[in-house]
There are 2 protein chains.
Amino acid sequence: MNYFSSDFKLGILGGGQLGKMLLNNTRKFDIYTSVLDASEEAPSKIACNEFHLGDLMDYQSVYNFGKHVDVLTIEIENVNVDALEALEKEGKKVFPSSKTLRAIQNKATQKLFYRDNNIPTANFMRFAYASEIKDAIENESLAFPFVWKSAQFGYDGNGVKIIRSINDLNDLPKGECIAEDMIPFKNELAVIVARNENGAIATYPVVEMEFHPEANQVEYVICPARINNEIATKATEVALKVSKAFNHVGLLAVELFLTQTDEILVNEVAPRPHNSGHHTIESSYTSQFEQHIRAILNLPLGNTNTKAAGVMVNLVGAENHTGNVHYQNIETIMKFEGVTPHIYGKKQTRPFRKMGHVTIVNKDINKAREIAEEVKNTIKVISN
Amino acid sequence: MNYFSSDFKLGILGGGQLGKMLLNNTRKFDIYTSVLDASEEAPSKIACNEFHLGDLMDYQSVYNFGKHVDVLTIEIENVNVDALEALEKEGKKVFPSSKTLRAIQNKATQKLFYRDNNIPTANFMRFAYASEIKDAIENESLAFPFVWKSAQFGYDGNGVKIIRSINDLNDLPKGECIAEDMIPFKNELAVIVARNENGAIATYPVVEMEFHPEANQVEYVICPARINNEIATKATEVALKVSKAFNHVGLLAVELFLTQTDEILVNEVAPRPHNSGHHTIESSYTSQFEQHIRAILNLPLGNTNTKAAGVMVNLVGAENHTGNVHYQNIETIMKFEGVTPHIYGKKQTRPFRKMGHVTIVNKDINKAREIAEEVKNTIKVISN
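Cut-offs applied
Residues numbered from 1 in each chain as written. Chains lettered and ligands numbered in written order. Predicted model: local features only at pLDDT ≥ 70, side-chain atom pairs only at ≥ 80, totals over all residues. Heavy atoms only, no water. Least-squares fit on C-alpha atoms with pLDDT ≥ 70 in both. Contact = heavy atoms within 4.5 Å. Buried area = accessible area lost by both parts, 1.4 Å probe. Salt bridge = Lys/Arg side-chain N within 4 Å of Asp/Glu carboxyl O. Helix = DSSP H or I, 4+ residues; strand = E, 2+ residues; numbered from the N terminus. Expected span 1.5 Å × (residues − 1). Polar contact = N/O pair within 3.5 Å; in protein donor to acceptor, adjacent residues only side chain to side chain. UniProt positions renumbered as here; feature names shortened; annotations may be inferred. Buried < 20%, exposed > 50% of the residue type's maximum accessible area, 1.4 Å probe, protein only. Pairing = 2+ DSSP bridges. Axes fitted to C-alpha atoms, helices over the stretch in contact; angles between N-to-C directions. Phe/Tyr/Trp six-rings, centres within 6.5 Å; stacked < 30°, edge-to-face > 60°. Lys NZ or Arg CZ within 6 Å of the ring centre and 35° of its normal. Parallel < 35°, antiparallel > 145°, perpendicular 65-115°, else oblique. Left-handed = near helix turned anticlockwise from the far one by under 90°. Nonpolar A, V, L, I, M, F, W, Y, C, P; charged D, E, K, R; others polar. Domains from an automatic or database assignment. 1 Å grid on protein atoms, 1.4 Å probe; cavity = no way out; pocket = protein on both sides within 12 Å on 5 of 7 lines; lining within 4 Å. Points joined across faces, edges and corners; volume = space filled by probe spheres on them.

Asks: I'd like a description of the relation of the copies chain A and chain B, backed by residues and values.
Replies: Superposition of the two copies of the chain requires a rotation about an axis together with a shift along that axis. Laying chain A over chain B is done by rotating through 180° and shifting 0.0 Å along the axis; what remains is an RMSD of 0.1 Å. Classification of the inter-copy transformation places it as that of a two-fold axis. No C-alpha of chain A lies nearer the rotation axis than that of Ala-47 of chain A, which sits 1.9 Å from it. Looking at chain A, 100% of its interface residues are interface residues in chain B too, so the copies touch through the same face.

Asks: How would you explain the interface of chain A and chain B if you had to name every residue and give the values?
Replies: Chain A puts 44 residues into the contact, and the matching count from chain B is 45 residues. Taking both partners together, chain A and chain B bury about 3900 Å²; carbon and sulfur atoms supply 53% of that area. Per-residue buried area on chain A facing chain B is highest for Arg-27, Tyr-285 and Met-334 of chain A; these three make up 18% of the total on that side. For the pair chain A and chain B, the interface holds two salt bridges. Salt-bridge contacts for Lys-347 of chain A lead to Asp-30 of chain B; the nearest nitrogen and oxygen are separated by 3.0 Å.

Asks: Can you lay out helix α11 (residues 365-378) of chain B for me, pointing to particular residues and giving the numbers?
Replies: With 14 residues, α11 of chain B extends 20 Å between its outermost C-alpha atoms, agreeing within 8% with the 20 Å of an ideal straight helix rising 1.5 Å per residue. For α11 of chain B, the capping residue at the N-terminal end is Asp-364 of chain B, with a side-chain oxygen 2.8 Å from the backbone nitrogen of Asn-366 of chain B.

Asks: Talk me through the UniProt feature "binding site: ATP" (unreviewed entry) in chain A; I want residue IDs and the actual numbers.
Replies: All names here are of chain A. Mapped onto this numbering, the UniProt entry gives "binding site: ATP" (unreviewed entry) at Lys-107, Lys-149, Glu-180, Asp-181, Met-182, Ile-183, Glu-188, Asn-267 and Glu-268. Mapped onto the fold, Lys-107 is located in helix α5 (residues 107-116). The exposure class assigned to Lys-107 is buried, which follows from its relative accessible area of 7%. Not counting residues up to four positions away in its chain, the partners in contact with Lys-107 are Lys-149, Ser-150, Ala-151, Val-160 and Glu-268. By the secondary structure assignment, Glu-268 is in strand β15 (residues 264-270). Beyond its immediate stretch of four places on either side in the chain, Glu-268 contacts Lys-107, Gln-110, Tyr-114, Ala-253, Val-254 and Glu-255.

Asks: Any chance you could break down the sheet that holds strand β9 (residues 177-181) of chain B for me, citing the residues and the numbers?
Replies: Residues and elements named next belong to chain B. Pairing is antiparallel in the open sheet, where four strands are placed in the order β6-β9-β7-β8. Taken across any chain shown, the strands that pair with only one partner, and hence form the sheet edges, are β6 (124-127) and β8 (160-163). Sheet twist, expressed as the mean angle between neighbouring strand axes with direction ignored, is 20°. For β6 and β9, the ladder comprises four bridges, and the chain directions are antiparallel. Across the sheet, residue Met-125 finds its bridge partner in β9, namely Ala-179. The strands touched by helix α5 (residues 107-116) are β6, β7 (146-150), β8 and β9; relative to β6, the strand with the most contacts, the crossing angle is about 140°. Set on the sheet, helix α6 (residues 131-138) makes contact with β6, β7 and β9; between it and β6 the angle comes to about 135°.

Asks: Quick rundown of helix α3 (residues 81-89) of chain A? Include the residues and the values.
Replies: Residues and elements named next belong to chain A. Buried within α3 we find Val-81, Ala-83, Leu-84, Ala-86 and Leu-87. Contacts from the buried residues of α3 go to β1 (10-13), α2 (59-67), β4 (71-74), β5 (93-94) and α4 (98-105). The distance from a side-chain oxygen at the start of α3 to the backbone nitrogen of Asp-82 is 3.1 Å, and the residue carrying that oxygen is Asn-80.

Asks: With reference to specific residues and values, describe the packing of aromatic side chains.
Replies: Residue and element names in this part refer to chain A. One pass over the structure, following the stated rule, counts 16 aromatic pairs over all chains. Residues Tyr-114 and Phe-246 carry aromatic rings whose centres are separated by 6.5 Å and whose planes lie at 90° to one another, so their mutual orientation is edge-to-face. Pair noted here: Tyr-114 is in helix α5 and Phe-246 is in helix α7 (residues 229-246), with a separation of 132 residues, a long-range link. For the pair Tyr-114 and Phe-246, one class covers both residues: buried. Here Phe-185 and Phe-257 contribute two aromatic rings whose centre-to-centre distance is 4.9 Å and whose plane-to-plane angle is 20°, an arrangement assigned as stacked. Placement of Phe-185 in strand β10 (residues 185-195) and of Phe-257 in strand β14 (residues 250-259) is noted, with a sequence separation of 72 residues between them. A residue is classified by how much of its surface remains accessible, and Phe-185, at 33% relative accessible area, is partly exposed. Aromatic rings pair up to connect Phe-113, Tyr-114 and Phe-246 into one cluster. Above the face of the Tyr-220 ring, Arg-369 is positioned so that its terminal group lies 3.9 Å from the ring centre.

Asks: Mind laying out the environment of Val-242 of chain B, listing which residues take part and the relevant values?
Replies: Residues and elements named next belong to chain B. Mapped onto the fold, Val-242 is located in helix α7 (residues 229-246). For Val-242 and Val-269, which are 27 residues apart along the polypeptide, the C-alpha to C-alpha distance reads 8.8 Å. Setting aside anything within four residues of it in sequence, one finds Val-242 in contact with Tyr-114, Ile-119, Leu-252, Val-254, Val-266 and Val-269.

Asks: Quick rundown of the pairing of strand β12 (residues 207-211) of chain B? Include the residues and the values.
Replies: Of the strand pairs in this sheet, strand β10 (residues 185-195) of chain B and β12 of chain B are connected by three bridges, and their pairing is antiparallel. Counted as the bridge partner of Leu-189 of chain B is Glu-208 of chain B from β12 of chain B.

Asks: Kindly report on the packing of α3 of chain A against α4 of chain A, identifying the contributing residues and their values.
Replies: Residues and elements named next belong to chain A. It is the contact of α3 with α4, at a shortest axis distance of 9 Å, that shows an interaxial angle of 160°. When the interaxial angle is binned, α3 and α4 end up roughly antiparallel. Crossing hand, α3 versus α4: left-handed. Residues Val-81, Asp-82, Leu-84, Glu-85 and Glu-88 of α3 touch α4, and the partners they reach there are Ser-98, Leu-101, Arg-102 and Gln-105. In the contact of α3 with α4, the residues fall into three nonpolar, two polar and four charged.

Asks: Pulling in residues and values, what's your account of the packing of helix α1 (residues 17-28) of chain B against helix α9 (residues 288-296) of chain B?
Replies: All names here are of chain B. The N-to-C vectors of α1 and α9 enclose an angle of 70°; their axes lie 9 Å apart at closest approach. Our classification of the angle between α1 and α9 gives roughly perpendicular. Relative to α9, the crossing made by α1 is right-handed. Between α1 and α9, the residues in contact are Leu-18, Met-21, Leu-22, Asn-25, Thr-26 and Lys-28 and Phe-289, Glu-290, His-292 and Ile-293, respectively. Tallied by class, residues from the contact of α1 with α9 come to five nonpolar, three polar and two charged.

Asks: Which residues make up the sheet that holds β1 of chain A, and what values go with them?
Replies: Residue and element names in this part refer to chain A. Strand order across the open sheet formed by five strands is β3-β2-β1-β4-β5, with parallel pairing between neighbours. Only two strands of the sheet have a single partner each, and these edge strands are β3 (50-53) and β5. Where β1 and β4 come together, four bridges link them in parallel fashion. Bridging across to β4, Leu-10 finds its partner in Val-71.

Asks: Describe the domain arrangement of chain A, naming the residues involved and giving the relevant values.
Replies: Each assigned domain of chain A is listed here: domain 1 (9-94), domain 2 (123-181) and domain 3 (185-383). Centre-to-centre, using C-alpha coordinates, domain 2 of chain A lies 28 Å away from domain 3 of chain A.

Asks: A description of empty space enclosed by the protein should follow, citing residues and the corresponding values.
Replies: The full count for this structure, using the stated rule, is six cavities of 30 Å³ or more. Along the walls of the largest cavity sit 38 residues, with Asn-24, Lys-28 and Ile-281 of chain A together with Asn-24 and Ile-281 of chain B positioned nearest its centre. When residues in the lining of the largest cavity are grouped by element, the largest group, six residues, is from helix α1 (residues 17-28) of chain A. When the residues that make up the lining of the largest cavity are grouped by side-chain class, the tally is 12 nonpolar, 15 polar and 11 charged.

Next up, the structure:
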């Protein structure tokens, strides 16, 4: 199929910031795009060739949207998978596949998938209802502390809670969940694996993620991770094993724990461009967004090496600020060396909402990390 | 003024490929943009917030368009300068200024400007009508060979011709023109100077341009130029002198000749993002497009150092091909290391029309140049 002609249509489910950054690359290749999103204010409403309004969880809107495109991809996992499966049965190319999405949409299913495929992951128990957790504690099959995770995807740090005492169980969502061993880890790492339909595979360098203590959101992503080669190799091997198990097409971002004993455990995956790869826009020969497009269109994969070290800082809404967004001191951070802000275009801010990110690129990773901290302490996402 | 809010509007005159690449950066910063172009098929029709149809040379359409934006810039020089001057008088920010545009829109005026400002440039004679050239030759004030240049801007290599004999004068356009000494140059170089309203200045590394012999179009741009530091410094100094003379705000691309005797002569300038800076998207810490936006919005200028060496190949329409464009072998060049194609989105190709470009980035400049040649010999812009 000739992707570089107007006979071809790429469909993207979701019009958020990931879709917006994907579109910079479909525009670069002049690939015709059609976007489905539920919001008239979707960041990728402009820059796509066609915008369709519709609920991503609704069978009919996803099915109808998929019918009119040649290749269908996502920028968010919460989409109607039955519709994707029906489209695949009719021969539509859907990447990631409905099978991959089903395996990961539900965190309990995802964890079981790792267990079934001998992929190292933290021990866990699955519960149909949160209420069952108390019984498990009473009959001593579960002990404090542990990590509660909702089986349904949580966003902006929702859906995950550390449980240290019986009181922490109060006012948890009632639904399906898992209780996971709390891993005393040295470090959280991530590896993005790209794979095209022909089976060509490329991995990005291992990155290191520093989390915000309260918000449970990534605060800094550091590329390459400051770990030794042996651990980097081990992390990459585990990521490739996960990629093989899913047999995905497109990107697969694999989040990992590095334990105190230098074990690598899989935390979770995302079959799409991922926050842990935003730095690649500036630091890599091929951005993760260009790579995703290359992969799902079965084009040759690009070079995943880094041109320079990159550190990414997420721009999230400040606490106690809800309303029309204002990026305080953005001009100031633009003075710092090698700093590029990315503003997603969401008009309303709220505490910890992802509003943008800033990439700092430098030949010296420690210098990049220093500047990143300055950036973090200078720019504030507030309401005015 | 808060550029990062929806109260602000950036106006861009022209919706071609330069505008399209500018828009990737206004999107990145979520800056609201309005574009004026005469064609419904303008490459930047999508990705801008507002698109207005209108003739860039028409006073009223440019004036009316300018009235509704806060800052006005261009991506092409052929715009109605009187309208820009009227807008400036009313306090509108216009970058480049009408004064800068007037000085360069006409090649004869531009050459006189260099002479008046003691900027080294090739000797020339100005003629109100091409017919006057013959008289100059007859009375021996002009001798073969020389370079004829139309005073009006020519595109895609038009408006320039080497005159070796009286016959070469036949069927030249009749209008105002210059006859310029033919410079036996070693090399054509270019330096892009960025300047913001506060007067902050940044220069990009000197690049080397290899021209296509017939088409008189840049075939390869090589960054950094393979010249010694002394010449690079001299070229940069001349470019800064030109920048100072124009006192421009935004980018100024300065095209230079390096003569056999290592003199630097100014060929011509463009007060906007330029073909000689396309490689910066991949090779520099700050792309020329982001830099232009930083400069015209009086934001701090970005780092102009290179992350890696870059070579750019223009994708122009193949000879004997006119019609619906097809990018033959684009998938093949995407296999090569560090290759990124940029397709401008023009639906129709014709011989030597600029349809896109390809950037090759590599730590080793000679390797990048080799791959660039492979790219050039592999991809073909044809009609189907």
